[in-house]
Amino acid sequence: MSLAALLVLADGRFPAGGHAHSGGAEAACKAGRIHDAATLEDFCRGRLHTAGLTAAALAAAAALGIDPALLDAAADARTPSPALRTAARRLGRQLLRAARATWPDPGLQQLAAAFPRGAHQPVVLGLTARAAGLGPLDAAHVAAYESVGGPATATVRLLGLDPFEASGVLARLAPELDSVAARAAEAAHRALREGTEALPAASSPLLEIAAEVHAGWPVRLFAS
Amino acid sequence: MTTAPPVPPPPAGVRATARIHAVADGRGGTALPLLAGEGPLALRRTRGREPEEAGVVLVGAMSAPLGGDHLTVRATAGPGARLALASAAATLALPGRTGEPARYEVELDLEDGASVRWLPEPLVSVRGSDLRVRTRVRLAPTARLLLREEQVLGRHGEPPGLLRSRLTVTRGGRPLLDQDLACGPGAPGGWDGPAGLAGHRAVGQLLVVDPAFAQDPPPAAVLGEYAVATALPGPAVLVTALAGDALRLREVLDAACRTYAR
C-alpha cells in the first residue's frame, strides 16, 4: 500500500463533496445536544461506534472485492432513514466522479455503469481505495475517520467552536478509531466467507430519527 | 489409590427452545400442528383477533433470562397461515452467577401469503444483566409482518444492564432491515450521548411489511422530536422511537400501529 495514496484519499480537500454534509451534527447542534467540545466528542464517539463502524466494514468489504451490489443492498438495509440513504448515494456519486478522474480503474467504471444514481458512499470508498492500491484496513480507516471528521468540521462552522478544540476531539478519538477500523476489516474478511450478514449493523436510532427531522427543515446549512 | 472425583463444572444456564408451526387449515382458519414449549418457555394457545388467525402467548418464566441462559423461540408460518404471537408479561434480563451473557433468539419464517404479528411486551434490561438478543425474520415476497420491539433501560429509577439486540429481516432472500443496538454499561462509547440514546430510557421499533405498500406506499412522517416513520427499501415501514419511559414509548408505537398496520 501507498501511505501517500491514503493521505490523498483521506484529505478533506479531496473533492468528493463531503463538506456539504454534517453527519448529523447540524440537527444535534440545533437541538442543543452538541453545545461544546465535550458534547461534540461524545457525539463523535457515538457516531464512530455505530454508523462509523458499519460504514468502515462496508468500505473494507468493498476493498476486499466483495460484490458491490450485495454490499449496496446491505448498506440499504442498515440505513432505515430515506434521507440518509439519499445522502449516502449522493455522496457515493460525487466520490465516484472524483475517484475515476484520480485513479482510473475498470472496477470504478463498472460501478458507475451499475449504479447510475449512485451507490452507497462506503461501497464507493472501498472500491476507490482498491483502485488507489490500498487495502481493506486502509479503507476502513478512511471511513471511520470520515464518520467523525465530518461532524467535527461542521460543528466548527455551526457553533463557532474553536478549531483547535475540534482537532483535540479527533486526536482523543484516535485509539478508538484504530480499533473500530480493525474490527471493521476483520468483519469484512468474515463476510468474504459467510456473506454480508457477517458485517456489523451497529445503528443509532437517534441519528436516523434526527436525519429525518433535519430533512424536513425549510432552511439548512448542511445537506445532512 | 483413587483419584479425586472431578469437580463438576458449574451448572450451565438453561437452554430451551419453543417451537411453533402455523399452517392454513384449508377452511379459512389457521391450525397449529406444532406448539411445543420447553423449560421456562411455556406456550398457550389463544383466540386470534380474527377467526382466520391463530394466537399464541408466551407465558410466565419467559420473563427471566438469567446470565448463561440460552432461550430460543422459533416460529414458522406456512403458505397463507395467520399467526399472532404475544407475551404475557415484560421480559426481564437478569444477571447470572457466572458473568456469562444470556442469549435470547427469535426466528420467524414466513412463507408466501403468510401473516405474522409478533407483539411481545417490553424487554427490561435490569442492572448487572448482560443480554444478547438476536431476531431473524425471513419473509417470502408476499408475506406480511407486524413486529414490535421495545427495550427499556432498567426498572424504575435503576441503571440498566448491558443489552445488545440485533434485528435482521430479509425478504425474498434480500436484506430489508438490519439493525444492531448496544446500550448500557459496557456498550461501545457514546451509547447514551448525543448520537446515542441522549438520556432516553426506552427505545422501540415497529416494523410493518406489507406487499400492498409496493403500489401504495405509506407517507413517511416525523411523528415527534424523537419518533419517525420511514419507508424502507422494500414494501415496509419502520417506526423508530425514543421515549422517557416504557409507557410513553408504547403510546407512540400504538398510535403508529393504528396508522400503518392495515
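Note that the coordinates shown come from a computational prediction; the quantities given were computed from them, not determined experimentally.

## Observations regarding the overall build of chain A
Secondary structure assignment for chain A yields 10 helices and zero strands. For chain A, the α and β elements follow one another from N to C terminus as α-α-α-α-α-α-α-α-α-α. Projected onto the principal axes, the alpha-carbon positions of chain A cover approximately 45 × 35 × 35 Å. The buried share among the 224 residues of chain A stands at 58%. Contacts in chain A between residues far apart in sequence, at least 24 positions, make up 81% of those at least 6 positions apart.

## Side note on the packing of helix α5 (residues 82–102) of chain A against helix α10 (residues 205–215) of chain A
Residues and elements named next belong to chain A. The interhelical angle for the contact between α5 and α10, taken along N-to-C directions, is 80°, at an axis separation of 8 Å. By the criterion of interaxial angle, the relationship of α5 to α10 is roughly perpendicular. Along the contact surface, α5 presents P82, A83 and L84, while α10 presents L207, E208, A211, E212 and A215. Split into classes, the residues belonging to the contact of α5 with α10 amount to six nonpolar, no polar and two charged.

## Some remarks on the interface of chain B and chain A
Of the residues lining the interface, 35 residues belong to chain B; the matching set on chain A comes to 31 residues. Summing both sides of the interface, chain B and chain A together bury roughly 2,700 Å²; the carbon and sulfur share of this comes to 63%. At the boundary of chain B and chain A, one finds three salt bridges. The partner of E197 of chain A in a salt bridge is R134 of chain B, with the nearest N and O atoms 2.8 Å apart. At the junction of chain B and chain A, the tally comes to 12 residue pairs in polar contact (both at pLDDT 80 or more). Looking at the side of chain B that touches chain A, the elements with two or more residues in it are β11 (130–139), β13 (162–171), β14 (174–183), β16 (221–224), β17 (227–231) and β18 (236–243) of chain B. It is β14 of chain B that provides the largest number of residues to the side of chain B that touches chain A, a total of eight residues. Considered class by class, the residues forming the side of chain B that touches chain A number 19 nonpolar, nine polar and seven charged.

## Here we look at the packing of helix α7 (residues 121–131) of chain A against helix α8 (residues 136–159) of chain A
All names here are of chain A. Direction vectors running N to C along α7 and α8 enclose 140°, while the axes themselves pass 9 Å from each other. Classed by the angle they form, the pair α7 and α8 counts as oblique. Seen from above, α7 lies across α8 with right-handed handedness. Side by side, α7 and α8 meet where Q121, L125, G126 and A129 of the first sit next to A139, V142, A143 and E146 of the second. Here the residues of the contact of α7 with α8 are counted per class, giving five nonpolar, two polar and one charged.

## Description of the sheet that holds strand β5 (residues 70–77) of chain B
Residue and element names in this part refer to chain B. Pairing is mixed across the open sheet formed by seven strands, whose spatial order is β2-β1-β5-β8-β11-β13-β14. The open sheet has two edge strands with one neighbour each: β2 (30–36) and β14. Averaged over all neighbouring strand pairs, the angle between strand axes comes to 10°, with direction disregarded. Note: β5 against strand β8 (residues 102–110), eight bridges, orientation parallel. Following the sheet pairing, A77 is matched in β8 by L110.

## Side note on the environment of A16 of chain A
All names here are of chain A. Within the fold, A16 resides in the loop between α1 (3–10) and α2 (25–30). Through-space distance from the C-alpha of A16 to that of L96 is 7.9 Å; in sequence the pair is 80 residues apart. Aside from chain neighbours lying at most four places away, what touches A16 is L91, Q94 and L95.

## Let's talk about the pairing of strand β3 (residues 42–47) of chain B
Residue and element names in this part refer to chain B. As paired strands, β3 and strand β4 (residues 54–59) are joined by six bridges and run antiparallel to one another. Residue pairing across strands places R44 opposite V57, the latter belonging to β4. The hairpin turn running from β3 into β4, its antiparallel successor, is six residues long.

## Observations concerning helix α1 (residues 246–260) of chain B
All names here are of chain B. Taking 1.5 Å of rise per residue, the 15 residues of α1 would be expected to cover 21 Å, and the 21 Å separating its terminal C-alpha atoms lies within 8% of that figure. Burial in α1 covers these residues: L249, R250, L253, A256, C257 and Y260. An end-on view of α1 places all buried positions within 130° of arc, on one side of the element. Every exposed residue of α1 that faces more than 90 degrees away from the buried side is listed here: L247, E251, R258 and T259. Buried residues along α1 sit against β12 (144–153), β15 (202–209), β16, β17 and β18. Regarding α1, its N-cap is D245, as a side-chain oxygen of that residue lies 3.1 Å from the backbone nitrogen of L247 further along.

## Regarding unusual backbone geometry
With the exception of glycine, most residues fall at negative phi, and the peptide bonds are largely trans. Phi at A198 of chain B is positive, roughly 50°, even though this residue is not glycine. Structurally, A198 of chain B can be placed in the loop between β14 and β15.

Cut-offs used in this document
Residues numbered from 1 in each chain as written. Chains lettered and ligands numbered in written order. Predicted model: local features only at pLDDT ≥ 70, side-chain atom pairs only at ≥ 80, totals over all residues. Heavy atoms only, no water. Helix = DSSP H or I, 4+ residues; strand = E, 2+ residues; numbered from the N terminus. Buried < 20%, exposed > 50% of the residue type's maximum accessible area, 1.4 Å probe, protein only. Contact = heavy atoms within 4.5 Å. Axes fitted to C-alpha atoms, helices over the stretch in contact; angles between N-to-C directions. Parallel < 35°, antiparallel > 145°, perpendicular 65-115°, else oblique. Nonpolar A, V, L, I, M, F, W, Y, C, P; charged D, E, K, R; others polar. Buried area = accessible area lost by both parts, 1.4 Å probe. Salt bridge = Lys/Arg side-chain N within 4 Å of Asp/Glu carboxyl O. Polar contact = N/O pair within 3.5 Å; in protein donor to acceptor, adjacent residues only side chain to side chain. Left-handed = near helix turned anticlockwise from the far one by under 90°. Pairing = 2+ DSSP bridges. Expected span 1.5 Å × (residues − 1). Arc of directions from axis to C-beta.

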